[in-house]
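So the chains spell out like this:
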Amino acid sequence: MEAIFPLLTIVLYDLIIIGLLYIIKYAMECLHRKKEPVLGFGVDLFTFEEALQYVHTCLKENNGMQIVTINPEMISLGNKDKEFAAVLNNADLVIPDGVGVKIALKIKGISQENIPGIEFSKKLIGMCELEGFSIGLIGAKEEVIQKAVQNIRKEHANLNITYIRNGYFDEEQEKIIVEELKAVSPRVLFVALGAPKQELFISKLKPQMPNTVFIGVGGSFDVWSGMVKRAPKIYQTLGLEWLYRTVKEPARFKRIFPALPLFLIQVIIEAIHENLVK
Ligand code: UDP
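All residue numbers refer to position in the chain's written sequence, counted from 1. Residue-level local features of this predicted model are given only where pLDDT is at least 70; pairs of side-chain atoms are given and counted only at 80 or more, and the full residue set underlies all totals for whole chains, interfaces and linings.

## Section: the overall build of the protein chain
Phase 1 of the analysis: A run of H or I in DSSP counts as a helix once it spans at least four residues, and a run of E counts as a strand once it spans at least two, with each numbered from the N terminus. Within the protein chain, the secondary structure is distributed over 14 helices and 8 strands.
Phase 2 of the analysis: Principal-axis analysis of the C-alpha atoms gives the protein chain an extent of 80 × 55 × 35 Å.
Phase 3 of the analysis: Residue burial is a threshold on neighbouring C-beta atoms within 10 Å of the residue's own C-beta, all placed from the backbone, with 20 or more meaning buried, 12 or fewer meaning exposed, and counts in between meaning partly exposed. The buried share of the protein chain, taken over its 278 residues, is 31%.
Phase 4 of the analysis: A pair of residues counts as a contact when their C-beta atoms, built from backbone coordinates, are separated by no more than 7 Å. Put simply, of all contacts in the protein chain between residues at least 6 apart along the chain, 74% involve residues at least 24 apart.

The structure is reproduced here in structure tokens:
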């Protein structure tokens, strides 16, 4: 009994030291990490590379997370819908997707690089191929996801794709999908159901798949399949990709107007208010 006591003390000390090291590491990450609220929703002020590195660390440590690629439509919806707001607030990484959030941050005096979700996801796929992390893809129409997967495989021959499913399913089928996903447990799951559906779907899955990194990718599979073209580079550079998409798909008009101008007016009011109370 007496011999065990010093051994237990050593183990206890070791555990305390490991715990302290973890706390220091976490604190360092928090210190480095900056978040800025835009109309009540925190946006991570990472560069593209930093955000990618953040996800890489998470994958290496066998952790999971929910990544949200946030845009003004999602912020406006979050301000109307409590359930969606809670999901946005609980996300582990919120990256600014599109020029709207970039302008909003600029109004608040912050220069932030735009991180298009589709480009971020493409880099993530490259990283998964390189590091051997398995991936899953769910969303879009059957022929779209099949073609997208075919194109991804052409470009990433060593990628381990463990789950492929179209995005049209009812509640009963969803239960089966959840079980299938839990069984294969891809390290990264790309979900293309459009916002807010994909974020709500991910938030339900997240507690059941703690080692998976989830990202909602909207219409990315349509682009990867080759069936939808991204805006030409000049539109992307000028931050006018939304205009191109609206002209191509006029049905999008009512999603953007009056939401986008209203969003910017609210951001200006928020920035003035913040300056007054400083
Ligand atoms: N989608 C789906 N299931 C649904 C609704 C939508 O798989 O129940 C897919 C749809 O086929 C498309 C994507 O979700 O591939 C939504 O694309 P959208 O361009 O609307 O998304 P955004 O990029 O604007 O968020």
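## Here we look at the nonpolar core
Phase 1 of the analysis: The nonpolar core is taken to be a set of buried Ala, Val, Leu, Ile, Met, Phe, Trp, Tyr and Cys residues joined by way of C-beta atoms within 7 Å. Within the largest apolar cluster, 55 residues are counted, with the highest numbers of intra-cluster contacts made by Val38, Ile67, Ile70, Phe190, Val191, Phe214 and Phe221.
Phase 2 of the analysis: Top element by residues in this core is strand 7 (residues 188-192). It accounts for 5 residues.
Phase 3 of the analysis: Filtering out sequence-adjacent residues up to four positions away, Ile70 remains in contact with Phe41, Val43, Ile75, Val94, Pro96, Asp97 and Val101.

## Observations regarding the environment of Val277
Phase 1 of the analysis: Looking at the element boundaries, Val277 is found in helix 14 (residues 259-277).
Phase 2 of the analysis: Placed 266 residues apart in sequence, Val277 and Val11 show a C-alpha to C-alpha distance of 51 Å.

## Remarks on the domain arrangement of the protein chain
Phase 1 of the analysis: When the domains of the protein chain are assigned, the result is domain 1 (1-32) and domain 2 (35-277).
Phase 2 of the analysis: With centres defined by C-alpha atoms, the gap from domain 1 to domain 2 works out at 37 Å. Where a domain begins and ends is set by an automatic assignment or by a domain database.

## A short note on the sheet that holds strand 6 (residues 161-165)
Phase 1 of the analysis: Here, strands pair whenever DSSP counts at least two bridges between them. Taken in spatial order, the 6 strands make up an open sheet running 4-3-8-7-5-6, and their pairing is parallel. The sheet is open, and its two borders are formed by strand 4 (93-96) and strand 6, each paired with just one other strand. Going from strand to strand, the sheet's axes swing by 15° on average, the running direction of each strand aside.
Phase 2 of the analysis: The pairing of strand 5 (residues 135-139) with strand 6 spans 4 bridges and is classified as parallel. By the bridge assignment, Gly136 is partnered in strand 6 with Tyr163.
Phase 3 of the analysis: Helix 6 (residues 117-131) contacts strand 3 (65-70), strand 4, strand 5, strand 7 and strand 8 (213-216) of the sheet and is inclined by roughly 150° relative to strand 7. Axis lines are fitted through C-alpha atoms, for helices just across the contact stretch, and the angle between N-to-C directions can take any value from 0 to 180 degrees.

## A look at the site of the ligand
Phase 1 of the analysis: Near, as applied to residues and a molecule or strand, means the residue's backbone-placed C-beta atom lies within 6 Å of it. Around the ligand, a shell composed of 14 residues is seen, among which Ala140, Gly167, Gly194, Gly218 and Gly219 lie nearest.
Phase 2 of the analysis: The classification used treats Ala, Val, Leu, Ile, Met, Phe, Trp, Tyr, Cys and Pro as nonpolar, Asp, Glu, Lys and Arg as charged, and all other residues, Gly among them, as polar. Residue classes in the shell around the ligand are distributed as 6 nonpolar, 5 polar and 3 charged.

## Re the packing of helix 5 (residues 99-107) against helix 14
A packed helix pair is summarised by two numbers, namely the angle formed by the two axes and the spacing between the axes.
Phase 1 of the analysis: Between helix 5 and helix 14, the shortest axis-to-axis distance is 9 Å and the interhelical angle comes to 20°. The orientation of helix 5 relative to helix 14 falls into the category roughly parallel. Here helix 5 runs over helix 14; the crossing is right-handed. Contacts from Gly100, Ile103, Ala104 and Ile107 in helix 5 reach Leu260, Phe263, Leu264, Val267, Ile268 and Ala271 in helix 14.
Phase 2 of the analysis: Looking at the contact of helix 5 with helix 14 residue by residue, the class counts come to 9 nonpolar, 1 polar and no charged. Should an angle lie under 35 degrees it is considered roughly parallel, over 145 roughly antiparallel, and from 65 to 115 roughly perpendicular; all remaining angles are considered oblique. Helix crossings fall into two classes, left-handed where the near helix is turned counterclockwise from the far one by less than a right angle and right-handed where it is turned clockwise.

## Brief notes about the environment of Ala251
Phase 1 of the analysis: Relative to the helices and strands, Ala251 resides in the loop between helix 12 (241-248) and helix 13 (253-256).
Phase 2 of the analysis: Take Ala251: there are 7 C-beta atoms within 10 Å of it, and that puts it in the exposed class.
Phase 3 of the analysis: With 239 residues separating them in the primary sequence, Ala251 and Leu12 have C-alpha atoms 63 Å apart.

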